[in-house]
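# Analysis of the macromolecular model
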Amino acid sequence: MTSVADHALELRNITMQFGGVVAVDSLSLHVNQGEIVALIGPNGAGKTTAFNCITGVYKPTNGQVYYQDQLIISSHPQGKMKALYAGQHKDAYKEVLEPTPDRITKLGLARTFQNIRLFKTQTAFENVLIATHLHRTSNLLTATLRLNYAEEKRMRQHALDMLEVVGLADLKDELATSLPYGMQRQLEIARALATKPRLLLLDEPAAGMNPQETDDLGRFIVDIKQRFDLTVFLIEHHMDLVMDISDRIYVIDFGRLIATGSPDEVQDNPDVIAAYLGVDEE
Amino acid sequence: MTDFIGANLPYLLGGISVGGQYALIAIGYTMVYGILRLINFAHGDIFTVAGFLMVYMSATMPLAVSLPLTIALTVLLGFLVERAAYKPLREAPRMSIMISAIGVSYLLQNLMWYITGGLAKQYPRLPWVSDSVTIFTATTKVVTLVTPVLTLALVIALVQLINHSRIGMAMRAVSKDFETAKLMGIKIDRVISITFIIGSFLAAVGSALYFTNYTAVTPTVGAMPGLKAFVAAVFGGIGSIPGAVIGAFIIGVSENIIKALGLTTFSDAFTFALLILILIFKPTGLFGEAATDKV
Amino acid sequence: MKTAKIVLSLLLIIIAIALVGYTLSSQGDLRDMVMRLDPQNLASADSRMLKARDRVLDGLAEGDRVRDLRNLDRYLQDYGPQLALDGENGLELFVYRNGPSLLAAGIALAVIGAALLVSQLDKLAKLRKPAIYLALAAVLYAGVYIVENIAGSSSMLMTVLKKGAIYALIAVSMNLLNGFTGLFSLGQAGFMLVGAYTYAIFTIATDSRAQVYQYYDGGLVQFALPTLVAIVLAGLVAAFFAFLIGLPVLRLKSDYLAIATLGFAEIIRAIFQYDGLGPITNGSNLLRKFTTFDTVLFPFAVAGVCIALIVMLIHSTYGRSFKAIRDDEVAAEAMGINLFRHKQMSFVISSFFAGVGGALLAMYQTTVQASAFKASMTYEILLIVVIGGMGSITGSVLASFLFVASSEWWLRFLDNELVIGGVQVPLLRSGFRMVVFSVVIMLMVLFYRRGIMGDKEFNLKSFLQPRVRKGGDVRG
């Protein structure tokens, strides 16, 4: 039985450099258990890149990621990058831990994507069902010969439950890409939830939504956080949503952290205002 | 010492010669891949068609007519293949266009089989290049010496074209970023057609040189050189013309060294082993650039 | 309605049992029947007729049915007019002659009856679908068997069915990899080659080995395995090759995967033609004198079982993971699916069945030579998969049979010179068939890209139930 960790997620000096461009520069932040924390910043600030570093899609050039106080990702400049490296703390980290995204998801971090990435040829139900696979125990033989019917049943039931949670149970046999945009976003969340995460990373979940939908989404996020005992870390441009539901906010610009604090603190921060040239109201 | 040279020089010369021929074919592959991200499986067959065209034309026409005519027709074929089989699929997923290329290759081979009846045809004897010449005790054909020189000349001309002409700039732009080039007003169709025209032209020249050495022309004779030329392109860095040329020469020479060592059955397999190695250790090839995908 | 169906199903089963019973019983009465054919005993007066009749009777003891039938047919052919070939005798002869076909029909009827029964019993609702599939399979196999008995084993129709079944298996195995997992691999010919050779090497009759391996002192392998064991071994060896090759190759991007697998297939071909390995592979000489099959049922059975397994795999949780990888690798990985392990699984399994297909191909062709397994073989299979529809098993099976039927049979006339009214029709000569064929394929690739079935399968439900119109369908 593990004790509850202090920080659900912690980044230490995460730097991501592509060729000569430093997309994320020594980003350090943490998310406490049960919090909703937002990562905001102008377009191109490096937010999704940071997400990709956390979830293993990119291997960071430098820095470390801790999940539930355990080190899961660690890197330092190697090979060609040693000479090219333009960030800080070059020799701070010795270890190299570069797990693949599936490993990270199995640890309990789930994510959604900024550009919706549903499985195009599958129905809504199948999309969510696929996300239940990571906990399966049957091997190839038992699965092929259908000897794993108990497990199949469980996975299907779980997928249905997740669809219920987002209110899409009626549309479960519709092709995922034929759903309206807003519902596709909901479906992505259902899919991420199906992996039974403890930390949920949402990348612009409200993108393309009108104020009413954004409102509903905000309530929905708070609701599932409570229902499933989650910690939520989200990237968002809709300031009303961010201010509404976040416990804390981190602001980055040009890959660097420029401010952090409670919603009120961040709203009045002159650097933040300068970075945005006024608070966005989309 | 002279014995060693005498025994091995033919292989070395042969290697440089066939390497040059592979290079001419490889350029076609690498240019098309650079622009369309397509492995033109039919390129090797276009090379073979050029060989057959020459066989049939020179039977009824003097060389001064048949050779340029063959080259012109080969170029036309390359152009038509692109228009008919690849252009319609430009918006389709990548696999579709590659399957189309395979389909064209299949069609061309069956066509050639049908027209020629399956028996090997003899390539006509071109004056001067087919003559024998002796260097340092090794006897070989003039074509062996002409090939590398001609290849280099053509490559230099091509690189000049690409780096110093408007159309060359357009080609470079399209291979860097297809969508943006289109938005910038570059006439994509023209650029692509010219790419195929240049590739087919070089393949036609290459076939004239190749078949002067290996005179038996069959419908499937182009498959292996085609594949090897493609390996050369990948080895040198797909999209890079100098890379393709260097890769081709390396393959040509190595292949002949293996033959000199007596392991003829493996001379073909060697090329593919080389391919595997480069794909594992440096997939972008000797001179290629890595590209990162946005998630 | 329900009771009627139950009664019908029981009736079918009873008829089936009766048919089977009668057929079996009549197989033994031949001696009596032959005597009964000649009630006036004309044979005793005609010595040649007597000899013919005795030849039939004597052979019966040995139980060589094929020879018995031949003797009987000769006897009937020569002396038919003098024999009592009507009524009961006629029927008995018919039943004896077509015994195996009638048995097959009987079994099929029994299965259909049982399936119908099962479909009407609510308690057995779970077995409904498998029962229907079983019934369809029974009809298919019985049908094919009966057709073979009528048309003859070496007829064109049978050739098409045999080769079609083999290609169907190979196409499905390729579809698993390319269409369902999205891995554009061009190495199929290599794995077929491995399977074909493994099978041949281990089933050459021990006393023929010296003859086949004449340049290699009889070869290294000096024993022969039973057929089915050898087939499974063929698949396993191919799978093993795939496992090794996959380790470096599966991490490559799609285009590079295509050429890497193509390259490996060529390397494999070179290895199997290498003289140094002659004691095992017979170098550049072909392999022959290994166990082959006669009846069309064999490739149908093997291919059927394999395809059934692949279908079950695709509908399982692992199959769904494959499809997820095909649709969006990044998202699949984010949902906890290990890309490499699943790609490896798909690659190895696909190659296993390609190996089995190769073994079947070897049995069909009765000789095996490495030089035949060129890249063009892979291209043909790929084109079949495309025509059938990437991502549709039914499509691959259909397209395989269409492909083989067209290229071997229906379009053959295009290869023959035709003279109409003294004028020779242009274009028609050897090789035209393949040209037309390639053009048709190109047209399909260009204009009918989704193939015959797209990514849909033969849907049992929509086939059996009448179409129901959706009311107020706004989304038209």
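About the thresholds
Residues numbered from 1 in each chain as written. Chains lettered and ligands numbered in written order. Predicted model: local features only at pLDDT ≥ 70, side-chain atom pairs only at ≥ 80, totals over all residues. Helix = DSSP H or I, 4+ residues; strand = E, 2+ residues; numbered from the N terminus. Buried ≥ 20, exposed ≤ 12 C-beta atoms within 10 Å, placed from the backbone. Contact = placed C-beta atoms within 7 Å. Nonpolar A, V, L, I, M, F, W, Y, C, P; charged D, E, K, R; others polar. Pairing = 2+ DSSP bridges. Axes fitted to C-alpha atoms, helices over the stretch in contact; angles between N-to-C directions. pLDDT = per-residue confidence, 0-100. Expected span 1.5 Å × (residues − 1). Domains from an automatic or database assignment. Parallel < 35°, antiparallel > 145°, perpendicular 65-115°, else oblique. Left-handed = near helix turned anticlockwise from the far one by under 90°. Core = buried A, V, L, I, M, F, W, Y, C linked by C-beta atoms within 7 Å. Bend = angle between axes of the 7 residues up to and from the residue. Right-handed = clockwise from strand over helix to strand, strands pointing away.

## Describing the overall build of chain A
- Of regular secondary structure, chain A possesses eleven helices and ten strands.
- Reported as C-alpha extents along the three principal axes, the dimensions of chain A are approximately 55 × 45 × 40 Å.
- Relative to its 282 residues, chain A shows a buried fraction of 43%.
- Contacts spanning at least 24 positions in sequence make up 69% of the contacts within chain A whose residues lie at least 6 apart.

## Focus on the overall build of chain C
- Counting its regular elements, chain C contains 21 helices and four strands.
- Each principal axis of the C-alpha atoms in chain C carries an extent, and together these give about 85 × 75 × 60 Å.
- Split into buried and exposed, the 476 residues of chain C put 43% on the buried side.
- Contacts in chain C between residues at least 24 apart in sequence constitute 77% of all its contacts with a sequence separation of at least 6.

## Points about the interface of chain B and chain C
- In this assembly, 32 residues from chain B lie in contact with 33 residues from chain C.
- Residue assignment for the side of chain B that touches chain C shows that the elements contributing at least two residues are helix 4 (94–116), helix 9 (223–236) and helix 11 (265–281) of chain B.
- Split by residue class, the side of chain B that touches chain C holds 25 nonpolar, five polar and two charged.

## Description of the sheet that holds strand 4 (residues 62–67) of chain A
Residues and elements named next belong to chain A.
- Reading across from one edge, 2-1-4-5 is the order of the four strands in this open sheet, with antiparallel pairing throughout. This sheet does not close on itself; its edge strands, each paired only once, are strand 2 (21–32) and strand 5 (70–75). On average, each strand axis in the sheet is tilted by 15° relative to the strand beside it, whichever way the strands run.
- Across eight bridges, the pairing between strand 1 (residues 7–18) and strand 2 is antiparallel. Bridging from a neighbouring strand, I14 pairs with L27 of strand 2.
- The strands touched by helix 1 (residues 47–54) are strand 1, strand 2 and strand 4; relative to strand 2, the strand with the most contacts, the crossing angle is about 65°.

## Brief notes about the sheet that holds strand 9 (residues 248–253) of chain A
Residues and elements named next belong to chain A.
- Across the sheet, which stays open at both edges, the six strands sit in the order 6-7-8-3-9-10 with mixed pairing between neighbours. Here the strands that pair on one side only, and so sit at the sheet edges, are strand 6 (109–111) and strand 10 (256–261). Neighbour to neighbour, the strand axes of the sheet diverge by 20° on average, direction disregarded.
- Relative to strand 7 (residues 199–203), strand 6 runs parallel, the two being bridged by three bridges. Bridge pairing links L109 to L199 in strand 7.
- Along the sheet, helix 1 contacts strand 3 (36–40), strand 6, strand 7, strand 8 (231–235) and strand 9; its crossing angle with strand 7, the most-contacted strand, is approximately 150°.

## Focus: the environment of S130 of chain B
Residues and elements named next belong to chain B.
- Within the secondary structure, S130 is located in the loop between strand 1 (121–122) and strand 2 (132–135).
- A tally of 15 C-beta atoms within 10 Å means that S130 is categorised as partly exposed.
- The spatial distance from the C-alpha of S130 to the C-alpha of K141 is 5.6 Å, given a sequence separation of eleven residues.
- With residues near it in sequence (within four places) discarded, S130 still touches R125, K141, V143 and T212.

## Digging into the pairing of strand 9 of chain A
Residue and element names in this part refer to chain A.
- For strand 3 and strand 9, the ladder comprises four bridges, and the chain directions are parallel. From the neighbouring strand, V37 faces strand 9, where its bridge partner is R248.
- In terms of strand pairing, strand 9 meets strand 10 through five bridges, oriented antiparallel. Looking at strand 10, one finds that V251 is bridged to A259.
- Once strand 9 ends, the chain turns through two residues before running back antiparallel as strand 10, passing F254 with a positive phi of about 50°.

## A word on the confidence of the model for chain C
Residue and element names in this part refer to chain C.
- Averaged over all residues, the pLDDT of chain C is 84; the fraction at 70 or higher stands at 96%.
- When mean pLDDT is compared element by element in chain C, helix 17 (residues 339–365) scores highest at 96, while helix 21 (residues 460–464) scores lowest at 58.
- Counted against residues more than four places away or in other chains, residues 467–476, with its pLDDT under 50, gives zero contacts.
- Both scores are given for the predicted complex: the pTM is 0.88, the ipTM 0.91.

## Some details on helix 8 (residues 188–213) of chain B
- With 26 residues, helix 8 of chain B extends 38 Å from end C-alpha to end C-alpha; this agrees with the ideal 38 Å at 1.5 Å per step.
- Most of helix 8 of chain B sits inside the fold, with 19 of its 26 residues counted as buried.

## Digging into the domain arrangement of chain A
Residues and elements named next belong to chain A.
- In terms of domains, chain A is made up of domain 1 (1–108 + 198–282) and domain 2 (117–196).
- Computed over C-alpha atoms only, the centres of domain 1 and domain 2 are separated by 27 Å.
- Taken together, the contact pairs nine residues of domain 1 with nine residues of domain 2.
- A class-by-class count of the residues in the side of domain 1 that touches domain 2 yields five nonpolar, two polar and two charged.

## Here we look at the packing of helix 10 (residues 241–260) of chain B against helix 11 of chain B
Residues and elements named next belong to chain B.
- As a packed pair, helix 10 and helix 11 sit with axes 9 Å apart at the nearest point and diverge in direction by 140°. Of the possible angle classes, the one that applies to helix 10 and helix 11 is oblique. In this structure, the crossing between helix 10 and helix 11 has a hand that is right-handed. Along its contact with helix 10, which presents I251, S254, E255, I258 and K259, the element helix 11 presents F266, S267, F270, T271 and L274.
- In terms of residue class, the contact of helix 10 with helix 11 is made up of five nonpolar, three polar and two charged.

## Describing the packing of helix 6 (residues 99–120) of chain C against helix 7 (residues 128–151) of chain C
Residues and elements named next belong to chain C.
- The contact between helix 6 and helix 7 brings their axes to 9 Å, and the two run at 165°. Judged by the inter-axis angle, helix 6 sits roughly antiparallel to helix 7. As for how helix 6 packs across helix 7, the hand of that crossing is left-handed. Along the contact surface, helix 6 presents P100, S101, A104, A105, I107, A108, V111, I112, A115, V118 and S119, while helix 7 presents R128, A131, I132, L134, A135, A138, V139, A142, Y145, I146 and N149.
- Of the residues assigned to the contact of helix 6 with helix 7, the class counts are 18 nonpolar, three polar and one charged.

## Concerning the nonpolar core
- In terms of nonpolar packing, the biggest core is built from 293 residues, with A26, A232 and L275 of chain B together with L169 of chain C touching the most fellow members.
- The two domains that each donate at least three residues to this core are domain 1 (1–108 + 198–282) and domain 2 (117–196) of chain A.
- For A232 of chain B, the contacting residues outside a window of four places in its chain are Y22, A23, A26, A244, G247, A248 and I251 of chain B.
- Counting residues in each nonpolar core, the second largest holds seven residues, with L37, V56, L72 and Y75 of chain C among its members.

## Comments concerning the environment of V440 of chain C
Residue and element names in this part refer to chain C.
- Topologically, V440 is positioned in helix 20 (residues 432–447).
- Given 14 C-beta atoms within a 10 Å radius, V440 is considered partly exposed.
- In this structure, the C-alpha to C-alpha distance between V440 and R288, residues 152 residues apart in sequence, is 35 Å.

## Concerning helix 8 (residues 156–180) of chain C
All names here are of chain C.
- At M174, helix 8 is bent by approximately 30°, the largest bend along its length.
- Counting buried residues in helix 8 gives 21 out of 25 residues, a clear majority hidden from the surface.
- Positive phi appears at G182, one or two residues downstream of helix 8, with a value of about 75°.

## A word on the environment of P62 of chain B
- Structurally, P62 of chain B can be placed in the loop between helix 2 (43–60) and helix 3 (63–86).
- A sequence separation of 20 residues divides P62 of chain B from E82 of chain B, and the C-alpha atoms of the two residues are 30 Å apart.

## Points about the pairing of strand 7 of chain A
Residues and elements named next belong to chain A.
- The buried count for strand 7 comes to five of five residues, which makes it a mostly enclosed element.
- Side chains L199, L201 and D203 of strand 7 all project onto a buried face; the interleaved residues L200 and L202 project onto the opposite face, where all are buried too.
- Of the pairings in the sheet, the one linking strand 7 to strand 8 comprises five bridges and is parallel in character. If you follow L202 over to strand 8, its bridge partner there is L234.
- At this point the chain moves from strand 7, through helix 8 (residues 211–227), to the parallel strand 8, and the crossover so formed is right-handed.

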